[in-house]
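Chain residues, written in single-letter form:
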Amino acid sequence: QVQLVESGGGLVQPGGSLRLSCAASGFTFSSYAMSWYRQAPGKERELVAGIDSAGGSTNYADSVKGRFTISRDNAKNTVYLQMNSLKPEDAAVYYCYADRGSYYVSFWGQGTQVTVSS
């Protein structure tokens, strides 16, 4: 069955770094664009970063540009989110999302908690 399993979340001090991973299985990972979303308490889920199926094109929310980097390894069926210079407002549950367009089912991971606090 399809699985997207996020890992790497945790507690970090402001200014610190974390690297999130999302391991995919059960579908053709290399055919899917991948994204990271996040949702803080009381807020809507928002797009953080996305990467196309080949890894050649990325996009970022303005709030994370220059601090976060999305990448993928299609040989390992894994997408990453390197988060640097973390701020308290980055605290949220981070979700991995796989999408291949409107004719295909999309998939969500279960989320990983990121807490930024001193």
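Every value quoted in this text rests on a predicted model; they were computed, and no experiment measured them.

(A) Quick look at the packing of aromatic side chains. One pass over the structure, following the stated rule, counts eight aromatic pairs. Plain terms: the ring middles of Tyr37 and Tyr97 are 5.6 Å apart, the flat faces sit at 85° to each other, and that makes the pair edge-to-face. Of the two residues, Tyr37 sits in strand 4 (residues 33–39) while Tyr97 sits in strand 9 (residues 92–99), which places them 60 residues apart along the sequence. This pair shows no difference in class: Tyr37 is buried, exactly as Tyr97 is. On the numbers, 6.3 Å between centres and 90° between planes, the contact of Tyr95 with Trp108 is edge-to-face. Remark: Trp108 occurs in strand 10 (residues 107–108) and Tyr95 occurs in strand 9; sequence separation between them is 13 residues. Classification of Tyr95 by relative accessible area gives buried; the value is 14%.

(B) View of the environment of Val116. Checked against the element boundaries, Val116 lands in strand 11 (residues 112–116). The spatial distance from the C-alpha of Val116 to the C-alpha of Gly15 is 8.7 Å, given a sequence separation of 101 residues. In contact with Val116, other than residues within four places in its own chain, are Val12, Gln13, Pro14, Leu86, Lys87, Pro88, Asp90 and Ala91.

(C) Representation of the pattern of salt bridges in the model. Under the criterion given, the structure shown has four salt bridges. Residue Asp90 pairs with Arg38 through a salt bridge whose shortest N-O separation is 3.0 Å. Here the residue Asp90 occupies a position in the loop between strand 8 (78–83) and strand 9, and Arg38 occupies one in strand 4, the gap between them amounting to 52 residues. Among the residues examined, Arg38 registers a relative accessible area of 6% and is labelled buried. The shortest N-O distance in the salt bridge between Asp62 and Lys65 comes to 3.1 Å. Through salt bridges with shared partners, a single network forms among Arg38, Glu46, Arg67 and Asp90.

Cut-offs and rules
- Residues numbered from 1 in each chain as written.
- Predicted model: local features only at pLDDT ≥ 70, side-chain atom pairs only at ≥ 80, totals over all residues.
- Heavy atoms only, no water.
- Phe/Tyr/Trp six-rings, centres within 6.5 Å; stacked < 30°, edge-to-face > 60°.
- Helix = DSSP H or I, 4+ residues; strand = E, 2+ residues; numbered from the N terminus.
- Buried < 20%, exposed > 50% of the residue type's maximum accessible area, 1.4 Å probe, protein only.
- Contact = heavy atoms within 4.5 Å.
- Salt bridge = Lys/Arg side-chain N within 4 Å of Asp/Glu carboxyl O.

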